[in-house]
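Spelled out from the first residue to the last, the chains are:
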Amino acid sequence: MNPFDLFASVSRSPYAHARAEKKNDGKKRIGYFCSYAPEELVHAAGAIPFRLFGARRDIRAADAHLQSYCCSLVRGGLEDALQKELDFLDGAVFPHTCDSIQRLSDIWRLNAGFPIHFDVVMPVKLNTSSARQYMIDVLAKFRKDLEESLQVSISDDAIVESIRLYNRIRDRLEKLYLIRSGNPESLPPSAMNMVMKSAMIMDRAVFLEALEQLLETLSNTKAQSGGSKRKRILISGGICNHPDIYDVLAEAGGDVVWDDLCTGYRYAGGRIDESADPIEAIADRYLTRMACPAKHLSNTARGEHLLEAVREQKIEGVVFLLLKFCDPHAFDYPYLKQFLDDKGIPNILVEVEEQPAPEGQLRTRFETFVDML
Amino acid sequence: MADAPEKARDPEKEKRKIKSVSKMKEIMTNYYIEAKTARDSGKKVAWITSGGPVEPLIAMDVIPVYPENHGAMIGASKMGVDLCEKAEEMGYSRDLCSYARADIASAATNGGPIGGLPEPDFLVCCNNICGTVLKWYEVAARYYNVPLFILDTPFVHREFSDAARDYVIRQIYEYIDFLEVQCGKKADFDRMQEVGKLSVESMRLWQAVLDVAAHKPAPMSAFDAFFHLALIVTLRGKPVVVDYYQGLLDEMNERIRDGIAMVPNEKYRLLWDNLPIWYKTKWLSEKFASHDACLVADTYTSAWSGVLPLIDENNFLETMSVAYTKIYINISIDLMIDKLREMIRKYDADGLVMHSNRSCKPYSLGQYDLQKMVMKELKIPTLIIEADMVDERQFSESQIDTRIDAFMETLKS
Ligand code: SF4
Ligand code: SF4
C-alpha cells in the first residue's frame, strides 16, 4: 500500500487497525488521551501507546457515569470502553491534565474492566526547579509501575532506543509540516490530520518507515513561489478528529498550513536529549516544548507562541477549533484572540460538540471568513 | 388607603433564628471594608483560592481576598446571571465555572454586590480544588499585571507518593520566599506558628459546630453551615474567628439543651453533596422543611476541617501543606466514598442529595458512580439535582420541585 493510502485507512478505522496489528505482533496496547502520556517509556516497555480520540454521536453507556457537561473526548472515550470496542487494549495511562480527565481516570479504573491502569500525576506548573524534580520523580515511578504491571524490566538502553525512535519520528513529522507549509498543494488538505493520527496509533517503527517513504515521494516538490490566491490558515485548539474541516476550508479557498493542536504540531514539537539521563531528558522535553493550556509555563506563553507561529508561517487567518466543555482551552480563548486582534490577524471560533456543525453551516462560515482575508 | 398592618412576628420562627448571625455579618462587613481600603492603610492585598494556605499571608500582614467567596456573594445576591452574561460577551464560554465568569466580569465592570473586589498586589493559586483556578488566576494575573504564585498539589488518585509530599513541602518554602519578596520583609516563623495554632483552633471549633447537627433534632442545618462557612474560608488564623465560632458553638449547645430544632418536626435527615445553590438556598431549605426534612450536613463545608487530623500544630507549615493536598475534592472517588460513608453514619442520614453542579467538574464528575455506591452499599435513597451554584439559568424550579417531591415520597415509604 502506498504510505498515503495506509495513513488514510489507519485513521479511518483505528480500532480495526490496532486489532489486526496486535494479532501479528502480539504486543500489548496501552491507551492514552493526551500528549503528556510518556509514550517513550510505554514503548520502551515493549508496548504500543494507542491514542484515543473520543468523539462519537451515540453516547449511551457513558451517560450512566458522566454528566452531559463533560467534553466529548472524555464521554466518547468512556463510551467506547464500556461498549467493549477497545478490546485490543490492555489498559490505559492517565497523565494528569484537566479536571475532566482526572475524574475520567477514576471512573475508567472502576468501570472499564481493564487489568492495567496507570495514573501519572505530573506537575501542573512547568517552570520551577521543584516542579522539574517532581516531574522526574513521577516519570521514574511510572517506569517502575510499567515494569510491575507489564512484568518486564526496562533498561536505560531500552529507553534511549525508544527516545531515538521518537526523535526521528518527530523530526520527520516536522519535515512534513514544513513541506506542506512551503507547498500546500503537495498534499491533500486533510493529509496532515491523517498522518498525525496514524503517528499515535500504529506500531511506531512501522509508522516511521511509512512516513519516510512518504517524504521520499515528496522530496521533489518545490516550495511555491507565492502569488497564489489561496489563504494560509492555522488551526489552534485541543484535539482535531475531524478531517473534513480541512477539506471544507480548502474548498472555501483556505489551506491549513500549520496548527497548534495537541493532536498536531504540539505532538511533534520538542526533542529529547539522547545523551542525557533518559528520564531527565524526557522530563525536560515536557518542560520546554509548548505547553497545553492545562499546564502552566507562563501567563502568556501560549499567546506568544501563537504569534510566533503566525509570523514564521506567514499565516493570514486563524481558526480556533474548540471542543465544547473543554475548560482549559475555553479559558485561554479570549486572550489568544486578543493577541491576534492586536496584531490584526483575523480569526474565528468553531465550537465542536460531538461533531462539528453541519457541513453546510461550516462551509458558509469558512467561505465568509476566507473571503474576508 | 391605610398601610397594611405590619405582619406579626411568628414567635416560633423567631426562636429558630440563630442569634450569632448579626455578629457574623458585622465581621464580614468590617473585613471587606478593610480589604477595600487596604491601599490607604498601606497594606498589601493578595487574592487567594479557597483551598490555599492563607496562614502565611495572615502572618505577613497581607489582607487575603477570596474571589470564590465573592462568587458566592454574587450568587446569593442573585447578580450571577447578569455578570455571567457579561463574561460571555467578553468571550468566556458559558460552560466555564460561574464563580470565575462572575468574578472576571465583576473585575472588568466594578459590578456585583460590593462593586468589585479590591485589586490584588499579587495572586496565590492552589490547585487542590480544581484546574479552573489555575486558568482563572492566569486571567487575573494578565488583567492586573501582578505576580502569580502557584501552589501545585498533585491529585491523590489512590496514593499520595513521597515525591508528591516532597514537592508540596518544597513549594511551601517557595511560597514563603515569594511572600518575602512581595512584602519586602522577612518572614517571622514564630508568628507563623502562632497563626497556625489559631488556624487549627478555628478548624477544630468549626468541626465542632458542624458536629452539633449529629444531634436529633439538628439545631442547625447545612444551609446554616453554608452561611457560616465564610469565616473559616477567609479569616482562619485570626483570633476573631476563634471567638466567633466559640460563641456559635455555645449557642448551638444551648439550642440542643432547649430542644430547638432548625426544622420543626424533623423526621428525615439528609446529607448534601457539592456546593450550595447560592441563589436558591432559602427556597430549597423551605422546600425540604415542608417535608419535615433537614439537610443536616454536607461534604462541602467540612472541607476546611476534614483534614484536621493530618495537621501537627508543632510542624504547622509542612503538615498543613500535605493536609491541604488531601482535601475531599482532591482525592479519587473511591477515597471519597469512604468519607461519604463516614458522614452518612455520623449524622445518621436517611438520604443523600447531590447537586450536580455544571460549574464544578472536579466535584460533580464521578457523582453518578458515588451515587450508585451509596445506594448499593448503604441502601439509602439518593437524589441528583442538576443545577449551577451561581448561574440561575441552569436552574429549573418546577422540575426540581417535582423531583424533590418524588424523592421524599420514596424516602417516606
Ligand atoms: S483538556 Fe479539554 S478536551 Fe482535553 S480532556 Fe480536558 S476538557 Fe476534554
Ligand atoms: S466551583 Fe469548582 S471549578 Fe469553580 S473554582 Fe470552585 S472548585 Fe474550581
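Keep in mind that what you see is a predicted model, and the values were worked out from it rather than measured.

### Description of the environment of Q394 of chain B
All names here are of chain B.
Move 1: By secondary structure assignment, the location of Q394 is in the loop between β8 (382–387) and α18 (397–412).
Move 2: Separated by 37 residues in sequence, Q394 and N357 have C-alpha atoms that sit 9.3 Å apart.
Move 3: Once you skip the residues sitting within four places of it in the chain, Q394 turns out to touch R94, R358, E386, A387 and D388.

### Focus: the packing of aromatic side chains
Residues and elements named next belong to chain A.
Move 1: Applying the stated criterion to the full structure yields 32 aromatic pairs over all chains.
Move 2: Seen in terms of ring centroids, F7 and F207 are 5.4 Å apart; in terms of plane orientation they differ by 50°. Their pairing is tilted. Of this pair, F7 sits in helix α1 (residues 3–12) while F207 sits in helix α9 (residues 204–218), and the two are 200 residues apart along the sequence. Here F7 matches F207 in class, with each residue buried.

### Here we look at the sheet that holds strand β8 (residues 347–352) of chain A
Residues and elements named next belong to chain A.
Move 1: If you trace the four strands from one edge of the open sheet to the other, you get β6-β5-β7-β8, paired in parallel fashion. At either end of the open sheet lies a strand with only one pairing partner, and these are β6 (254–260) and β8. Geometrically, the sheet is characterised by an average inter-axis angle of 30° between neighbouring strands, direction not taken into account.
Move 2: Pairing analysis gives six bridges linking strand β5 (residues 231–237) to β6, with the strands arranged parallel.

### Details of the environment of P328 of chain A
Move 1: Here P328 of chain A lies in helix α14 (residues 327–342).
Move 2: Overall, P328 of chain A belongs to the buried group, its relative accessible area being 11%.
Move 3: P328 of chain A sits 229 residues away from D99 of chain A along the chain, and the two C-alpha atoms are 9.2 Å apart.
Move 4: Those residues within four positions of P328 of chain A in sequence are excluded, and the remaining contacts are C98, P293 and A294 of chain A together with K135 of chain B.

### A closer look at the pattern of salt bridges
All names here are of chain B.
Move 1: Scanning all chains against the criterion turns up 61 salt bridges over all chains.
Move 2: Across the pair K135 and E138 runs a salt bridge, and its minimum N-O distance is 2.8 Å. With K135 and E138 both in helix α8 (residues 132–144), this residue pair falls three residues apart, about one helical turn.
Move 3: The class for E138 is buried, based on a relative accessible area of 3%.

### Overview of unusual backbone geometry
Residue and element names in this part refer to chain B.
Move 1: Cis geometry is adopted by the peptide bond preceding P217, which originates at K216 and carries an omega value of -5°.
Move 2: In this structure, D61 takes a positive phi of about 65° despite not being glycine.
Move 3: Here D61 lies in the loop between α4 (55–59) and β2 (63–65).
Move 4: A relative accessible area of 38% places D61 in the partly exposed class.
Move 5: Positive phi, close to 55°, is recorded for N145, a residue that is not glycine.
Move 6: Checked against the element boundaries, N145 lands in the loop between α8 and β4 (148–151).

### Some points on the site of ligand 1
Move 1: Taken together, the residues surrounding ligand 1 are C71, L73, V74, C98, I101, L323 and C326 of chain A.
Move 2: Partitioned by chemical class, the residues of the shell around ligand 1 number seven nonpolar, no polar and no charged.

### Considering the nonpolar core
Move 1: Counting 307 residues, the largest nonpolar core has W108, L173 and F366 of chain A together with Y99 and I385 of chain B as the members making the most contacts within it.
Move 2: For this core, the element with the highest residue contribution is helix α9 (residues 162–183) of chain B, accounting for eleven residues.
Move 3: For W108 of chain A, the residues in contact, after removing those within four places along its chain, are F33, L52, G77, L78, A81, L86, A92, F94, G113, F114 and H117 of chain A.

### What to know about the sheet that holds strand β3 (residues 122–126) of chain B
Residues and elements named next belong to chain B.
Move 1: If you trace the four strands from one edge of the open sheet to the other, you get β2-β1-β3-β4, paired in parallel fashion. Looking at strand neighbours, the two that pair on one side only are β2 and β4, the edges of this open sheet. Going across the sheet, the axis of each strand differs from the next one's by a mean of 25°, ignoring polarity.
Move 2: In the sheet, strand β1 (residues 45–48) pairs with β3 via three bridges, with the strands oriented parallel.

### A short note on the site of ligand 2
All names here are of chain B.
Move 1: Every residue near ligand 2 is listed here: E68, C97, I129, C130, T132, V133, W136, L275, S359, C360 and M389.
Move 2: Broken down by element, the residue count for the shell around ligand 2 peaks at three residues, all from α8.
Move 3: The residue inventory of the shell around ligand 2, partitioned by class, reads eight nonpolar, two polar and one charged.

### Some details on the packing of helix α6 (residues 129–150) of chain A against α9 of chain B
Move 1: Two elements in contact, α6 of chain A and α9 of chain B, have axes whose closest approach is 10 Å; the angle formed by their N-to-C orientations is 180°. Looking at the two axes, α6 of chain A sits roughly antiparallel to α9 of chain B. Along the contact surface, α6 of chain A presents S129, S130, A131, Q133, Y134 and D137 of chain A, while α9 of chain B presents A163, A164, Y167, R170, Q171 and E174 of chain B.
Move 2: Looking at side-chain class alone, the contact of α6 of chain A with α9 of chain B contains five nonpolar, four polar and three charged residues.

### Observations regarding the side chain of D224 of chain B
Move 1: Inspection of the secondary structure assignment puts D224 of chain B in helix α11 (residues 222–234).
Move 2: Residues within four places of D224 of chain B in sequence aside, it is in contact with I18 and M262 of chain B.

### Things to note about helix α15 (residues 333–346) of chain B
Move 1: The end-to-end C-alpha distance of α15 of chain B is 20 Å, a good match for the 20 Å that 14 residues give at a rise of 1.5 Å each.
Move 2: Where α15 of chain B is buried, its residues contact α5 (99–111) of chain A together with β5 (268–273), β6 (293–298), β7 (351–357) and α17 (367–378) of chain B.
Move 3: Phi for D348 of chain B, located one or two positions after α15 of chain B, is positive at around 50°.

### Section: the interface of chain B and chain A
Move 1: Tallying the contact residues gives 54 residues for chain B and 48 residues for chain A.
Move 2: Between chain B and chain A, a total of about 4400 Å² is buried, with carbon and sulfur atoms accounting for 56% of that surface.
Move 3: Three residues stand out in chain B for area buried against chain A, namely K135, H157 and L365 of chain B, and they jointly supply 16% of the buried area on that side.
Move 4: One can count five salt bridges joining chain B with chain A.
Move 5: Residue K324 of chain A pairs with D95 of chain B through a salt bridge whose shortest N-O separation is 2.7 Å.
Move 6: Where chain B meets chain A, there are 27 residue pairs in polar contact (both at pLDDT 80 or more).
Move 7: Only α7 (98–109), α8, β4, α9, α15, β7, α16 (361–364) and α17 of chain B provide two or more residues apiece to the side of chain B that touches chain A.
Move 8: At eight residues, the largest contribution of residues to the side of chain B that touches chain A is made by α8 of chain B.
Move 9: Split by residue class, the side of chain B that touches chain A holds 26 nonpolar, 13 polar and 15 charged.

### Structural notes on the side chain of E68 of chain B
All names here are of chain B.
Move 1: Topologically, E68 is positioned in helix α5 (residues 67–76).
Move 2: No salt bridge forms around the buried E68; measuring N to O, its nearest opposite-charge neighbour R236 is 9.7 Å away.
Move 3: Residues in contact with E68, not counting those within four places in the same chain, are T49, S50, Y99, I129, V133 and W136.

The rules behind each value
Residues numbered from 1 in each chain as written. Chains lettered and ligands numbered in written order. Predicted model: local features only at pLDDT ≥ 70, side-chain atom pairs only at ≥ 80, totals over all residues. Heavy atoms only, no water. Helix = DSSP H or I, 4+ residues; strand = E, 2+ residues; numbered from the N terminus. Contact = heavy atoms within 4.5 Å. Phe/Tyr/Trp six-rings, centres within 6.5 Å; stacked < 30°, edge-to-face > 60°. Buried < 20%, exposed > 50% of the residue type's maximum accessible area, 1.4 Å probe, protein only. Pairing = 2+ DSSP bridges. Axes fitted to C-alpha atoms, helices over the stretch in contact; angles between N-to-C directions. Salt bridge = Lys/Arg side-chain N within 4 Å of Asp/Glu carboxyl O. Near = heavy atom within 4 Å. Nonpolar A, V, L, I, M, F, W, Y, C, P; charged D, E, K, R; others polar. Core = buried A, V, L, I, M, F, W, Y, C linked by side-chain atoms within 4.5 Å. Parallel < 35°, antiparallel > 145°, perpendicular 65-115°, else oblique. Expected span 1.5 Å × (residues − 1). Buried area = accessible area lost by both parts, 1.4 Å probe. Polar contact = N/O pair within 3.5 Å; in protein donor to acceptor, adjacent residues only side chain to side chain. Lys, Arg positive; Asp, Glu negative; His and termini not counted.

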